[in-house]
Amino acid sequence: MRREQAGPSVENLAQARHESAKGVGFGLGAYVMWGCFPLYFALFEGIPAREVLLHRILWSCVFMVLLISVIRRWSPVRAAFAEPRKLVPVLACSILIALNWGIYIHAVEVHEVLQASLGYFMTPLVNVGLGMLFLKERLTRVQLFALGLAVLGLSLQLIGLTKLPWITLSLAVTFGTYGLLRKRIALDGLSGLLVETMMLAPLALLLIGGQWFSGESHFTASDVGPLGLPASVLMMSSGVLTALPLLAFAGAARRLRLATVGFLMYINPTMQFLIALLIFKETLHPTMLITFVLIWSGLALYTASTFFQHRARQRG
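Basis of the calculations
- Residues numbered from 1 in each chain as written.
- Predicted model: local features only at pLDDT ≥ 70, side-chain atom pairs only at ≥ 80, totals over all residues.
- Heavy atoms only, no water.
- Helix = DSSP H or I, 4+ residues; strand = E, 2+ residues; numbered from the N terminus.
- Expected span 1.5 Å × (residues − 1).
- Bend = angle between axes of the 7 residues up to and from the residue.
- Polar contact = N/O pair within 3.5 Å; in protein donor to acceptor, adjacent residues only side chain to side chain.
- Contact = heavy atoms within 4.5 Å.
- Core = buried A, V, L, I, M, F, W, Y, C linked by side-chain atoms within 4.5 Å.
- Buried < 20%, exposed > 50% of the residue type's maximum accessible area, 1.4 Å probe, protein only.
- Patch = residues over 30% accessible without salt bridge, like charges linked within 9 Å, V, L, I, M, F, W, Y side chains within 5 Å.
- Areas by Shrake-Rupley, 256 points an atom, 1.4 Å probe, with all protein chains shown as cover.
- Salt bridge = Lys/Arg side-chain N within 4 Å of Asp/Glu carboxyl O.
- pLDDT = per-residue confidence, 0-100.

Which parts of the structure should I look at to understand helix 9 (residues 189-213)?
An α-helical turn contains 3.6 residues, so any two residues separated by three or four positions project in the same direction. In this model, helix 9 (25 residues) spans 35 Å end to end at C-alpha, consistent with the 36 Å of a helix rising 1.5 Å per residue. The largest bend along helix 9 measures about 40 degrees and falls at A201, with the proline P202 one to four residues further on. The N-cap of helix 9, judged by a side-chain oxygen 3.1 Å from the amide nitrogen of L190 a few residues on, is D188. Phi turns positive, to about 80 degrees, at G215, one or two residues after helix 9.

Okay, structure coming up:
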């Protein structure tokens, strides 16, 4: 007579809980760092967003080269460059993420962090819409209703503010499209960021050189922003601060369920929203508040629907 298969041991359960707790810690670290980005980019006051973007690309590439060398993860990078034809979607991703970074830095520069946070709140729903259009993904009625709430919210803002909220739309569309293309590229987050920045770094370096020779560069400025920090320190640190949240996110993604990671994702735009209101004292117009409420409601509905779908599949 065979014994019934033993369940997980106490040690295994304890280890699983420990790994899950570490995953939550990594996830919180990643999204809190991303959520604090408005405070960081506000330190570049007086430096044009375009110059900040060029240095972010360059120093992200430099830091990623060092990091990949330390952790010895060059094989996926070499494999990517070994097939030039497959680099076309990577180049598209590079352009999209550069546009996203540049628009976000500009949003902080012109004190439109509320619009930026709204764009990142919308991104998951943009991903859903793109999945429907290009991947033929099917949605439940509740999920379609959630998507409709977001569209309604944005439509009200277009009517109420009488101007196109281009920062919101651009951030949501560029990051959503980046996510769609990124799914088709066989590179992890760190290797992908290195390949993307390597493709843009030569142009960034050329333009930085042009600024230097024309006397327009701020790299040697010694008293920048509200803290009076050297511009060179701020610009070089942008590479480190681009990679660190990705490292933390990778640690979270390995240890947590997708539903948990998806829930933590809303920490980032929520923090940006609060920073815009409480620290930068941006004005929240009634129309924008209604837009936020509709999009929050849509996200809550979509998240709840996805969670219950996942639970049903597990039980089935």
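I tried to follow the side chain of T291 on my own but got confused; where do I start?
Looking at the secondary structure, you find T291 in helix 13 (residues 286-315). Leaving out residues up to four positions away in the same chain, T291 has contacts with L118, G153, L154 and Q157.

Just to check I follow, could you spell out unusual backbone geometry for this structure?
Only a minority of non-glycine residues have a phi that is not negative, and only a minority of peptide bonds are not trans. The phi torsion at R72 lies on the positive side, around 55 degrees, for a residue other than glycine. With respect to the secondary-structure elements, R72 resides in the loop between helix 3 (49-71) and helix 4 (74-82). Even without glycine at this site, H111 takes up a positive phi of about 60 degrees.

It is not clear to me how the nonpolar core should be interpreted in this structure. Could you clarify?
Generally speaking, nonpolar side chains in soluble globular proteins are found buried as a group. Ranked by size, the top nonpolar core spans 76 residues in total, and within it F41, F44, M64 and Y104 carry the most contacts. Among the elements that take part in this core, helix 5 (residues 87-109) stands out by supplying 12 residues, more than any other. Contacts of M64, omitting those with residues within four sequence positions, involve L190, L193, L194 and A243.

Can you walk me through a nonpolar patch on the surface in this structure?
On the surface, L39, L274, L278 and I279 cluster together into a nonpolar patch covering about 360 Å² of accessible area. Within the secondary structure, L274 is located in helix 12 (residues 267-278). A relative accessible area of 41% means that L274 is categorised as partly exposed.

Any chance you could explain the confidence of the model for the protein chain here in plain terms?
Considering every residue of the protein chain, the mean pLDDT works out to 85; 90% of them sit at 70 or more. Per-element mean pLDDT across the protein chain ranges from 66 in helix 11 (residues 258-264) up to 96 in helix 2 (residues 37-41).

Looking at this structure, I do not really get the side chain of S60. What am I missing?
On the secondary structure map, S60 appears in helix 3. Exposure remark for S60: the relative accessible area of 1% places this residue in the buried category. From its side chain, S60 meets the backbone oxygen of R56 in a polar contact 2.6 Å long. Those residues in contact with S60, other than ones at most four positions away along the chain, are H55, W101, T197, S238, G239 and T242.

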